Amino acid sequence: SGVSAGEVSGGGKAQTEEKPGVSSGSSSDYRYGNVSVMRQNVMKNCANYFRKGQLSKMFFCFPDPHFKKANWRRRIINSTLLSVYAYSLRIGGLLYTVTDVEDLHKWMKKACSEHPLFEEVTEDQLKEDPCVRLMMTATEESKKVARGGLPMFPAVFKRVPPPPIS
C-alpha cells in the first residue's frame, strides 16, 4: 500500500555502493548513504519534490485497488499521473508495480502500455532485476501476501523518449 522513489540522481542525493566480496543478491548486499524517506501523497506532490528526469526508479507496491468503478479515478496508476511520473523519471528509468489483485495488475499494465512515454520490460529482463525479487519478498505487504499463499503480479515499464512531433 505504498509508493517509493529510488536512486535519486543530481546533486548526489542518494547513492549505493556494493559491499566488497558480497554477491548473494540479498537486500543486505548494499550499503546506502545519505538517504531519507518522506511519507507523501505522490498523487498530489510528486512534481513538488522531484526535478525533471531526476529519478531512475519508481516503485508502486501493493497500491489501493479501489474496487468500485466510481473510485477508479483514485487509482495511483492512470494516464494523467503516468505523465507526472514520466516527468520525474529519466529516459530509461524504470517504473515498477506489484499487486496481489489481478484486475488491478491488468489495469496498471494496460494504462502503462497505452501511455506513449512507457514501454513494458520483457519477462527475461525482469528475471535479472533484483528489484523485482525484493519488492515481492522484502516489503511488509509482500510478506503478508506470501504468508496467505496468494499470487503476486509484478510489471516493470521503461521510460522512453517522447515520440517525434510530425
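Let us look at the structure shown here. For every chain, the first residue of the written sequence is number 1, and numbering continues from 1 along that sequence. pLDDT decides what is reported in this predicted model: residues at 70 or higher carry local features, side-chain atom pairs at 80 or more are listed and counted, and totals for whole chains, interfaces and linings draw on all residues regardless. Hydrogen atoms and water are omitted, and side-chain values are computed over all heavy atoms in the structure.

1. A few points about the pairing of strand β7 (residues 153-159)
Regular strands place their side chains on alternate faces of the sheet.
Step number 1: Using a 1.4 Å probe on the protein chains alone, a residue whose accessible area is under 20% of its type maximum counts as buried, one over 50% counts as exposed, and one in between counts as partly exposed. Labels follow the DSSP assignment, with helices taken as runs of H or I lasting at least four residues and strands as runs of E lasting at least two, numbered in each case from the N terminus. A large share of β7 lies buried, amounting to 5 of its 7 residues.
Step number 2: Here 3 bridges tie strand β6 (residues 118-120) to β7, and the two strands are oriented antiparallel to one another. Within β7, the position partnered with Glu-120 by the bridge is Phe-157. Here, any two strands with at least 2 DSSP bridges between them count as paired.

2. With respect to the nonpolar core
Step number 1: We define a nonpolar core as any set of buried Ala, Val, Leu, Ile, Met, Phe, Trp, Tyr and Cys residues linked to one another through side-chain atoms lying within 4.5 Å. Counting 22 residues, the largest nonpolar core has Met-58, Phe-60, Ile-77, Leu-82, Tyr-85, Leu-95 and Phe-118 as the members making the most contacts within it.
Step number 2: Of all the elements in the fold, those that place two or more residues in this core are α1 (42-49), β4 (55-61), α2 (79-88), β5 (89-99), α3 (102-114) and β7.
Step number 3: Listed in part, the 14 residues of the second largest apolar core include Leu-94, Tyr-96, Cys-131 and Met-135.

3. Re the environment of Val-160
Step number 1: Take Val-160: it is sitting in the segment after β7.
Step number 2: Since its relative accessible area comes to 12%, Val-160 is described here as buried.
Step number 3: Residues Val-160 and Gly-93, spaced 67 residues apart in sequence, show a C-alpha to C-alpha distance of 8.1 Å.
Step number 4: Those residues in contact with Val-160 that sit more than four places away from it in its chain are Ile-91, Pro-116, Leu-117, Phe-118 and Glu-119. Contacts between residues were defined by any pair of non-hydrogen atoms, one from each residue, lying within 4.5 Å.

4. So, helix α5 (residues 130-137)
Step number 1: For α5, every residue scored as buried is listed here: Cys-131, Val-132 and Met-135. Looking straight down α5, one finds that the buried residues subtend no more than 105° of arc, so they occupy a single side.
Step number 2: Of the surrounding secondary structure, the elements contacted by the buried residues of α5 are β4, β5, α4 (123-127), α6 (140-147) and β7.
Step number 3: Think of a polar contact as two N or O atoms within 3.5 Å of one another; within protein, one of them needs to be a possible hydrogen donor and the other a possible acceptor, and neighboring residues in sequence only count if both atoms come from side chains. Of the residues that open α5, the one with a side-chain oxygen 2.8 Å from the backbone nitrogen of Cys-131 is Asp-129. Taken from the helix axis, the directions to the C-beta atoms give the arc we talk about.

5. Quick look at the packing of aromatic side chains
Step number 1: Put simply, two rings from Phe, Tyr or Trp (the six-membered ring, in Trp's case) pair if the centres are within 6.5 Å, and we call them stacked under 30 degrees between planes, edge-to-face over 60, tilted for the rest. With the rule as written, the count across this model stands at 2 aromatic pairs.
Step number 2: Ring centres of Phe-59 and Tyr-96 lie 4.5 Å apart, and the angle between their planes is 15°; this geometry places the pair in the stacked category. Here Phe-59 is found in strand β4, whereas its partner Tyr-96 is found in strand β5, with 37 residues between them in sequence.
Step number 3: Judged by centre distance (4.8 Å) and plane angle (40°), the ring pair of Phe-60 and Tyr-85 falls under tilted. Of this pair, Phe-60 sits in strand β4 while Tyr-85 sits in helix α2; the two residues are 25 residues apart in sequence, bridging distant segments of the chain. No difference in accessibility class separates Phe-60 from Tyr-85, as the two residues are buried.
Step number 4: Above the ring of Trp-107, the side-chain terminus of Arg-75 is found at 4.7 Å from the ring centroid. By definition here, charges over rings are those cases where NZ of Lys or CZ of Arg is within 6 Å of the ring centre and within 35 degrees of the ring normal.

6. A closer look at the pattern of salt bridges
Step number 1: We define a salt bridge as a side-chain nitrogen of Lys or Arg found within 4 Å of a carboxyl oxygen belonging to Asp or Glu. The tally for this structure, following the rule as stated, stands at 4 salt bridges.
Step number 2: Taking the shortest distance from any N to any O, the salt bridge between Glu-114 and Lys-110 comes out at 3.0 Å. With Glu-114 and Lys-110 both in helix α3 and 4 residues apart, the pair spans about one turn of that helix. Residue Glu-114 shares its accessibility class with Lys-110, and that shared class is exposed.
Step number 3: Two residues, Glu-141 and Lys-144, come together in a salt bridge whose shortest N-O distance is 3.7 Å. Linking Glu-141 with Lys-144, this pair stays in helix α6, spanning 3 residues, or about one helical turn.
Step number 4: By relative accessible area, Lys-144 is classed as partly exposed at 47%.

That's the geometry; what it means functionally is another story.
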